[in-house]
Amino acid sequence: MGKGYDSDENTVEECPLADGLRLVAKQELREDDVIRTHSLRAMRNWIRKHPDIVNCRTDAPFLLRFLRTKKFSVPMAQDMLERYLVIRQLYPQWFSKLDVDDPIISDILDSGYLVPLPGRDEFGRCVMFSCAGRFDPYKYTSADMARVHALIGESLMDDPENQIKGYSYVNDESGLLMGHMTLWSFSDLKRIIRCLQSSTPMRHKSTYFINVPNFADKFFTATVSFLNSKLKSRVKFYSGQKDIQKFIDPKYLPKEYGGEIPLATMIVELKKKLRAKREMLMALDDMKININGKGKIISEFDDMQKELTGSFRKLEVD
């Protein structure tokens, strides 16, 4: 029987939203007070009766991650939550032990590889900014990279504005090395993309790549090919950093990119926020679902493995 931080399926939170955010939620997600209350009750009741869920958060901010991502289709939200719990246990090297004070994670954060920007894009979306050249592929592993992304992502997911308006991703690929492209095997890359698409409760609205070196064209072509059609249509490539100022107010970019706040200051603020949420982030590992080895989710990943051969280590580069 599933249980969680709040196991009473009849509890109803007010979940107040500012007027502008409430309007976006209604227009884009069909959300209103009645639908939200009914959906939260349905999710809690489903978790309580689920034969395989041993422990799961049932507080409103957590459940609304899934309901808002799936536009309040309760069956689709339930399916995503089940997948979310399964992948956390299937791939603990990517999704568990999300500790800001872990020496490896702390070092990668200090490098400035990945930071959420202090301001939002023109549509009010949270912007995740990454700099490939700041990640050392000869010192750290693909699992280290994944855990940093998971840590920051989990720290942002309970925010109602992020749940409703979604996320944009800006990726500066200057400084990209062959080591970055051999970091991930084809199979692991496709697996983690599948996890992000079908199991992670985030509305991925736009992805921008800048400064992609010519030798990496095939790598990015292969990577984008793993995305579903909706996400493929949201990927754009630009030649330089001035292009990103077209859709993000320059003042919110790191000072190194023409903004007002030095990247080092952004890193300090990020780590402060992550430490404030450390207990919650670490407690995610307490959630558990019994995994059926013949279940549909496991079968999907097994079928995907059969489709894949080779790795980026075998990728030809012009």
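What counts as what
Residues numbered from 1 in each chain as written. Predicted model: local features only at pLDDT ≥ 70, side-chain atom pairs only at ≥ 80, totals over all residues. Heavy atoms only, no water. Helix = DSSP H or I, 4+ residues; strand = E, 2+ residues; numbered from the N terminus. Buried < 20%, exposed > 50% of the residue type's maximum accessible area, 1.4 Å probe, protein only. Contact = heavy atoms within 4.5 Å. Areas by Shrake-Rupley, 256 points an atom, 1.4 Å probe, with all protein chains shown as cover. Phe/Tyr/Trp six-rings, centres within 6.5 Å; stacked < 30°, edge-to-face > 60°. Pairing = 2+ DSSP bridges. Axes fitted to C-alpha atoms, helices over the stretch in contact; angles between N-to-C directions. Core = buried A, V, L, I, M, F, W, Y, C linked by side-chain atoms within 4.5 Å. Polar contact = N/O pair within 3.5 Å; in protein donor to acceptor, adjacent residues only side chain to side chain. Patch = residues over 30% accessible without salt bridge, like charges linked within 9 Å, V, L, I, M, F, W, Y side chains within 5 Å. Salt bridge = Lys/Arg side-chain N within 4 Å of Asp/Glu carboxyl O.

## Remarks on the overall build of the chain
Inference 1: The number of helices and strands found in the chain is 15 helices and seven strands.
Inference 2: A buried classification covers 54% of the 318 residues belonging to the chain.
Inference 3: Counted over contacts in the chain with a minimum sequence separation of 6, partners at least 24 positions apart contribute 79%.
Inference 4: Within the structure as shown, the chain displays about 14900 Å² of accessible surface, and the carbon and sulfur contribution to it stands at 52%.

## Structural notes on the packing of aromatic side chains
Inference 1: Under the definition given, this model contains 17 aromatic pairs.
Inference 2: Each ring, one from W94 and one from W184, has its centre 5.8 Å from the other, and the planes form 50°; the classification is tilted. A residue pair is termed long-range when its members are at least 10 positions apart, and W94 in helix α5 (residues 92-95) and W184 in the loop between α9 (178-181) and α10 (186-198) qualify at 90 residues.
Inference 3: With a relative accessible area of 8%, W184 lands in the buried category.
Inference 4: Each residue in the set Y91, W94, F95 and W184 is aromatic and connected to the rest through ring pairs, giving one cluster.

## Concerning the sheet that holds strand β3 (residues 126-131)
Inference 1: What the five strands build is an open sheet, ordered β2-β3-β4-β5-β6; its pairing is mixed. Every other strand in the sheet has two partners, leaving β2 (114-116) and β6 (235-238) as the edge strands with one partner each. Ignoring which end each strand starts from, the neighbouring axes of this sheet average 15° apart.
Inference 2: When strand β4 (residues 167-172) meets strand β5 (residues 204-210), the two strands line up parallel, connected through six bridges. Across the sheet, residue Y167 finds its bridge partner in β5, namely H204.

## Remarks on the nonpolar core
Inference 1: In terms of nonpolar packing, the biggest core is built from 96 residues, with L81, L109 and F129 touching the most fellow members.
Inference 2: Leave out the neighbours within four places in its chain, and L81 touches M43, W46, I47, C56, F62, L63 and F66.

## Quick word on the environment of S106
Inference 1: Inspection of the secondary structure assignment puts S106 in helix α6 (residues 103-111).
Inference 2: Under the relative-accessibility criterion, S106 is labelled buried at 12%.
Inference 3: Those residues in contact with S106, other than ones at most four positions away along the chain, are V100 and K271.
Inference 4: Looking at S106, its side chain comes within polar contact range of the side chain of K271, at 2.6 Å.

## What about a nonpolar patch on the surface?
Inference 1: Residues Y138, L177 and M178 make up a contiguous nonpolar surface patch of about 320 Å² in total accessible area.
Inference 2: Note that L177 resides in the loop between β4 and α9.

## Digging into the pairing of β3
Inference 1: Taken across its six residues, β3 has six buried, putting it largely inside the fold.
Inference 2: Side-chain alternation along β3 places C126, M128 and S130 on one buried face and V127, F129 and C131 on a second face that is also buried.
Inference 3: One ladder, built from three bridges, connects β2 with β3; its direction is antiparallel. In the strand pairing of β3, V115 is matched with F129.
Inference 4: Bridge analysis of β3 against β4 gives six bridges, and the strand direction is parallel. In the sheet register, F129 faces β4, and the bridge partner there is V170.

## Quick look at the pattern of salt bridges
Think of it this way: side chains of opposite charge can pair up when their charged atoms draw near.
Inference 1: Here the structure, examined in full by the defined rule, presents 24 salt bridges.
Inference 2: We note a salt bridge from D158 to R65, for which the minimum N-O separation is 2.7 Å. One end of the pair, D158, is in the loop between α7 (142-156) and α8 (160-165); the other, R65, is in helix α3 (residues 60-69), and 93 residues separate them in sequence.
Inference 3: Between E161 and K165 there is a salt bridge, and its shortest N-O distance comes to 3.4 Å. Within this pair, E161 and its partner K165 are both found in helix α8, separated by four residues, close to a single helical turn.
Inference 4: Salt bridges sharing common partners tie together R57, D59, R65, R88, E154, D158 and D285.

## Describing unusual backbone geometry
Inference 1: A positive phi angle, close to 65°, is found at F72, a residue other than glycine.
Inference 2: As for its position among the elements, F72 is in the loop between α3 and α4 (74-90).
Inference 3: On the accessibility criterion, F72 (5% relative accessible area) is buried.

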